[in-house]
Amino acid sequence: MPKRNSRRNNKGKAFTRQNTGNDNPTWKEVVRENEIWEEYYKAMNIIPDNEWDDFKKACQSNLPMTFRITGSRKHAEEIRNIFVDRHYNNLKGKEYEGVDLTPKNIEFYPDKLGWQIDVSKQVIKKQKDFAKTQRFLVIETEVGNISRQEAVSMIPPLLLDVKPEHYVLDMCAAPGSKTAQLIEALHANDEQQLPTGFVLANDSDYKRSHMLVHQVKRLNSPNFLVVNHDAQLFPRIRLNEHKEYLKFDRILCDVPCSGDGTMRKNINIWKDFRTGNAIGLHPLQYNILNRGLQLLKKGGRLVYSTCSLSPIENEAIVAEALRKWGDKIKLVDVSHELPGLKRRPGISNWPVFGKDMKVKEKGEDGLVDSLFPPTKEEADRFGLDKCVRVYPHLQNTGGFFITVFEKNDPDSNKRQADESDVEVEVKQDSKRQKTESESGQIVESSDITTEDANTTTTTTTSTTTTTTTAAPSEQQPKPLERKSRLPRDANEEPFVFLDPNNEELKKCFPFYDFSSAFPRDCTLVRNATGEPLRTVYYVSPMVKEILTTDDQKLKLVHGGIKLFVAQRNDVGTCPWRVQTEALHTIEHFIGTKRHLTCNLELLKYLFVNAFPKVEELKSSGLDEEFSKKLDTLEEGCLFLTVKRGDGLEDLFLPLWKGRANVNLMVSKKDTHELLYRVFDIETSAKDEGKERIYQEKVEAEKKARAEAAASSTGPEKDVQNAIETETPETENKEESDDQE
């Protein structure tokens, strides 16, 4: 993203603050020209002469707005159809400053779930004609149905080809758009069966790793972990009762880079481009790729990608990996995959420029040999033309480089390393330690850091607390000082798993009619006491295996979804309510004991009315079957299913029953989204939630009664508060208190 001192006006022009030597700095439009950049890439000969003007013009223009639609097939298709039916026609044929605003499918994205509008997002945001579309995009993004993501950024996860059973590692994950894609692929078959694999997302920057949680948390996946390590030194994981180290089926190495492929949105690249940027990042990029290949399962797939066009950061890195690993790895020809993607093959020859912009030969200025192109014999063997280059002028995108590796021996399905693999890794780790400080200096000069957060990790299980310090051969870089402010819901408490026979859990599982198939030993709390005080979380069985490893070297940041939240008021048999983010996971594990159905008319009523009286619902006649069954159920949390028919996705929502009232426990954002999706009712960001409106109404009534009582001379009767003591704390507060 642009540096903090850059700004844009409402036409998408880029500006930067200029120091004028006084207290009133001025704003100056950034000039999208750079002679060094132009000379460098013309010399690389990656763009044909007859295409150069189109290439340069595309690089100088603003990036179009792109997004993709997420979720299960039925769900995603519904969101797509709403966009087409209610917004496509509103934009079709309209222009903005000569640009056609008709939305286009991103040609390479499957099932027409990727879309592009050929103006910047600032235009859509600021223009009144597009207010409805902007509101739609905001709402659907907030609830996780849409991800706004640059089109070329969608390519690496697609080529990684993640399946629900895969163990996936994202080595440089922040800010998280690609990570979200990986998680969505993992959950692609949820309608049939929940995934058995997991996504382990890593970032070397401690604060960015917490921001990553915010980006992905809306997907509500219990098969997701965030950790904080230098990707070059990512630790091996050995599960309990396993002799071998864990290996991954899929690894994404989207490494730190100079970013010159992003100059359409990161306008400072125009003035900051230097040939030394690529040279400085080269060792770091290779080290990350090399570590990824070490952690890859035989027969597994690894994607190496950058948002740079320089062969120093791309083909040179790939060639060095092929040189070092020999026939243990190979490049995958993906020319038949993503058929709508307009691409160019990788190159096998390029000049190497020094920082002085003069062409260098091997050995000059201390430049490492791996910067230089392969020999003719190597080029024939490597097949670098299997690499994928994406240029801005081909499809109105950013620039990107992608390569797909496969570790040989596809007949092997082992997810663990044998002893010979381990010995190789130890030797290579030892060698890499010697260059760590040099690599750190290089990266620092490029304004990119890969510092680690800690040298120790504390992991707590239900019975023990284990603090593990890395062995001398695996010592991490200097800890990152945590002075910068973290997100408000950052949680640094340990992961403590609960005994399935815990007294609080014994109140929940029978009450909500959980089947025996539900993994009851996968619940945990995140507080030092190890007791369920406020929130109970859930993780998938495989994630639990990782979290409970005795020799734990992972610096854990986030994992798990909220399953139960304590209801502070006395509500009878079970004082715990089910959290909305867990509904998708537990839907297939709960019986009909606390299950209700209702028609669409009643659902609409519940969306716009907070805490309606049970007797009022009965007398309204909106849904007699609903009211009849409601009478038979004990107070507390219920599950509401709404059958929609016509091939549409059924809704599964939480409902609270009090002593005298009920309430649909859906956040304000989700309420706005569902009102629009199901009933085509538009809302505004300024609209208050139904609970807030109800609260204000009750407070006004209380005040009026108090004033009347104060002026009365007769005896007073106690008046019961309209909000009953058993009413749950609404989720409309957008809970942020992960700290217990």
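Residues numbered from 1 in each chain as written. Predicted model: local features only at pLDDT ≥ 70, side-chain atom pairs only at ≥ 80, totals over all residues. Heavy atoms only, no water.

Undergrad: Could you clarify how one ought to interpret the overall build of the chain in this entry?
TA: If you tally the helices and strands in the chain, you get 23 helices and 34 strands. Burial status across the chain gives 56% buried among its 740 residues. For the chain, the proportion of contacts with a sequence separation of at least 24, taken over those separated by at least 6, is 76%. When the accessible area of the chain is evaluated, it comes to approximately 33,200 Å², of which 47% is carbon and sulfur surface. (Helix = DSSP H or I, 4+ residues; strand = E, 2+ residues; numbered from the N terminus. Buried < 20%, exposed > 50% of the residue type's maximum accessible area, 1.4 Å probe, protein only. Contact = heavy atoms within 4.5 Å. Areas by Shrake-Rupley, 256 points an atom, 1.4 Å probe, with all protein chains shown as cover.)

Undergrad: Got a minute to help me understand the nonpolar core in this structure?
TA: Across soluble globular proteins, you tend to see nonpolar side chains buried next to one another. With 79 residues, the main nonpolar core has Phe248, Tyr304 and Phe405 as its most contacted residues. Counting residues per element, this core draws most heavily on helix α10 (residues 275-295), which supplies nine residues. For Phe248, the contacting residues outside a window of four places in its chain are Tyr167, Val168, Leu169, Phe198, Leu200, Ile237, Leu295, Leu296 and Lys297. Residues Ile106, Ile155, Leu186 and Val226 belong to the second largest nonpolar core, which totals 57 residues. (Core = buried A, V, L, I, M, F, W, Y, C linked by side-chain atoms within 4.5 Å.)

Undergrad: Looking at this model, I keep getting lost on the UniProt feature "binding site: S-adenosyl-L-methionine" (unreviewed entry) in the chain. Mind explaining?
TA: Here, the residues flagged by UniProt with the feature "binding site: S-adenosyl-L-methionine" (unreviewed entry) are Cys172, Ala173, Ala174, Pro175, Gly176, Ser177, Lys178, Asp203, Asp230 and Asp254. By the element assignment, Ala174 lies in the loop between β10 (167-170) and α7 (177-186). Dropping the residues within four chain positions of it, Ala174 is found in contact with Asp203, Arg208 and Leu212. Inspection of the secondary structure puts Ser177 in helix α7. Of the residues examined, Ser177 reaches a relative accessible area of 16% and is grouped as buried. With near-sequence residues (within four places) excluded, Ser177 lies in contact with Arg68, Gln149, Ser153 and Gln215. (UniProt positions renumbered as here; feature names shortened; annotations may be inferred.)

Undergrad: Whenever I open this one, the pairing of strand β11 (residues 198-202) confuses me. Can you help?
TA: For a regular strand, the rule is simple: side chains alternate between the two faces of the sheet. Most of β11 sits out of view: five of its five residues are buried. Side chains Phe198, Leu200 and Asn202 of β11 all project onto a buried face; the interleaved residues Val199 and Ala201 project onto the opposite face, where all are buried too. As defined by bridge partners, β10 adjoins β11 across four bridges and the pair is classed as parallel. Residue pairing across strands places Tyr167 opposite Phe198, the latter belonging to β11. Direction of pairing for β11 relative to strand β12 (residues 224-227): parallel, over a ladder of four bridges. (Pairing = 2+ DSSP bridges.)

Undergrad: For this particular structure, what's the right way to read helix α2 (residues 52-60)?
TA: Trp52, Phe55, Lys56, Ala58 and Cys59 are the residues of α2 that are buried. Down the axis of α2, the sector holding all buried residues measures 160°, keeping them to one side. Turned more than 90 degrees away from the buried face of α2 sit Asp53 and Lys57, all of them exposed. Contacts made by the buried residues of α2 are with α1 (35-44), α9 (269-272) and α13 (392-395). (Arc of directions from axis to C-beta.)

Undergrad: Explain the side chain of Ser72 to me, please; I cannot follow it from the model alone.
TA: Inspection of the secondary structure puts Ser72 in the loop between β4 (65-69) and α3 (73-91). Using a relative accessible area of 17% as the deciding quantity, one classes Ser72 as buried. Reaching out from Ser72, the side chain makes a polar contact with the side chain of Glu191 at a distance of 3.2 Å. When near neighbours in sequence (up to four residues on either side) are disregarded, Ser72 contacts Glu191 and Glu649. (Polar contact = N/O pair within 3.5 Å; in protein donor to acceptor, adjacent residues only side chain to side chain.)

Undergrad: Please explain the environment of Ile117 as it appears in this structure.
TA: Position of Ile117 relative to the elements: it lies in strand β8 (residues 114-117). Looking at Ile117, the relative accessible area reads 0%, which means it is buried. Apart from the residues lying within four places of it in its own chain, the contact partners of Ile117 are Pro64, Met65, Leu91, Leu101, Pro103 and Ile124.

Undergrad: How do you make sense of the pattern of salt bridges when you look at a structure like this?
TA: Any two side chains of opposite charge can pair, on the condition that their charged atoms come close. Applying the stated criterion to the full structure yields 37 salt bridges. A salt bridge links Lys324 to Glu320, with the nearest nitrogen and oxygen atoms 3.7 Å apart. Of the two residues, Lys324 and Glu320 both sit in helix α11 (residues 315-325), four residues apart, roughly one turn of that helix. A relative accessible area of 57% means that Lys324 is categorised as exposed. (Salt bridge = Lys/Arg side-chain N within 4 Å of Asp/Glu carboxyl O.)

Undergrad: Is there a simple way to think about the sheet that holds β8 in this case?
TA: Across a sheet, strands are paired by hydrogen bonds formed along the backbone, either parallel or antiparallel in direction. Read from one edge to the other, the open sheet built from four strands follows the order β7-β8-β4-β9, with strand pairing classed as antiparallel. The sheet is open, and its two borders are formed by β7 (104-105) and β9 (146-148), each paired with just one other strand. Inspection of the sheet shows β4 paired to β9 by three bridges, in the antiparallel sense. Looking at the pairing, Arg68 lines up with Ser147 of β9.

Undergrad: Would you explain unusual backbone geometry in this entry?
TA: Working note: non-glycine residues mostly have negative phi, and peptide bonds are mostly trans. Here the amide bond leading from Ala174 into Pro175 is cis, since omega sits at 5°, within 30 degrees of zero. If you check the backbone angles, Glu241 has positive phi at about 65° while not being a glycine. Assignment of secondary structure puts Glu241 in the loop between β12 and β13 (245-246). Even without being glycine, Asp513 reaches a positive phi, approximately 60°. Within the secondary structure, Asp513 sits in the loop between α16 (503-511) and β26 (523-525). A relative accessible area of 28% places Asp513 in the partly exposed class.

Undergrad: What is the right way to read the sheet that holds strand β32 (residues 636-642) from this model?
TA: Here we have four strands laid out as an open sheet, ordered β31-β32-β33-β34, and mixed in their pairing. Edge positions in the sheet fall to β31 (595-597) and β34 (662-664), since each of these pairs with one other strand and no more. The mean angle between the axes of side-by-side strands here comes to 35°, regardless of whether they run parallel or antiparallel. Across seven bridges, β32 lies against strand β33 (residues 651-657) in antiparallel orientation. (Axes fitted to C-alpha atoms, helices over the stretch in contact; angles between N-to-C directions.)

Undergrad: Would you mind going over the pairing of strand β27 (residues 535-538) with me for this structure?
TA: Here β27 shows two buried faces, one formed by Thr535 and Tyr537 and the other by Val536 and Tyr538. Sheet topology places β26 next to β27; two bridges connect them, and they run antiparallel. The residue bridging Thr523 from the neighbouring strand is Tyr538, located in β27.

Undergrad: Would you mind showing me how to read helix α5 (residues 131-142) here?
TA: Note: α-helices contain 3.6 residues per turn, so residues at a spacing of three or four share the same orientation. For α5, which comprises twelve residues, the first-to-last C-alpha distance of 16 Å matches the rise-based estimate of 16 Å (1.5 Å per residue) to within 8%. Where α5 is concerned, the buried positions are Thr133, Gln134, Arg135, Phe136, Leu137, Ile139 and Glu140. The inward-facing, buried residues of α5 abut β4, α3, α4 (121-126), β9 and α22 (668-679). Trailing α5 by a residue or two, Gly144 shows a phi angle of about 90°, which is positive. (Expected span 1.5 Å × (residues − 1).)

Undergrad: Would you mind going over the environment of Val216 with me for this structure?
TA: Along the chain, Val216 falls in helix α8 (residues 206-217). Put simply, Val216 and Ala180 are 36 residues apart on the chain and 5.6 Å apart in space, counted from C-alpha to C-alpha. Those residues in contact with Val216 that sit more than four places away from it in its chain are Gly176, Thr179, Ala180, Ile183 and Phe224.

Undergrad: Before we go on, may I ask you to explain the packing of α5 against α22 in this structure?
TA: A pair of packed helices can be characterised by two numbers: the angle between their axes and the separation between those axes. Where α5 meets α22, the axes come as close as 9 Å, and the angle between the chain directions of the two elements is 125°. By the angle between their axes, α5 is oblique relative to α22. Here α5 runs over α22; the crossing is left-handed. Judged by residue contacts, Arg135, Phe136, Ile139, Glu140 and Glu142 of α5 engage Lys669, His672, Glu673 and Tyr676 from α22. Broken down by class, the residue content of the contact of α5 with α22 amounts to three nonpolar, one polar and five charged. (Parallel < 35°, antiparallel > 145°, perpendicular 65-115°, else oblique. Left-handed = near helix turned anticlockwise from the far one by under 90°. Nonpolar A, V, L, I, M, F, W, Y, C, P; charged D, E, K, R; others polar.)

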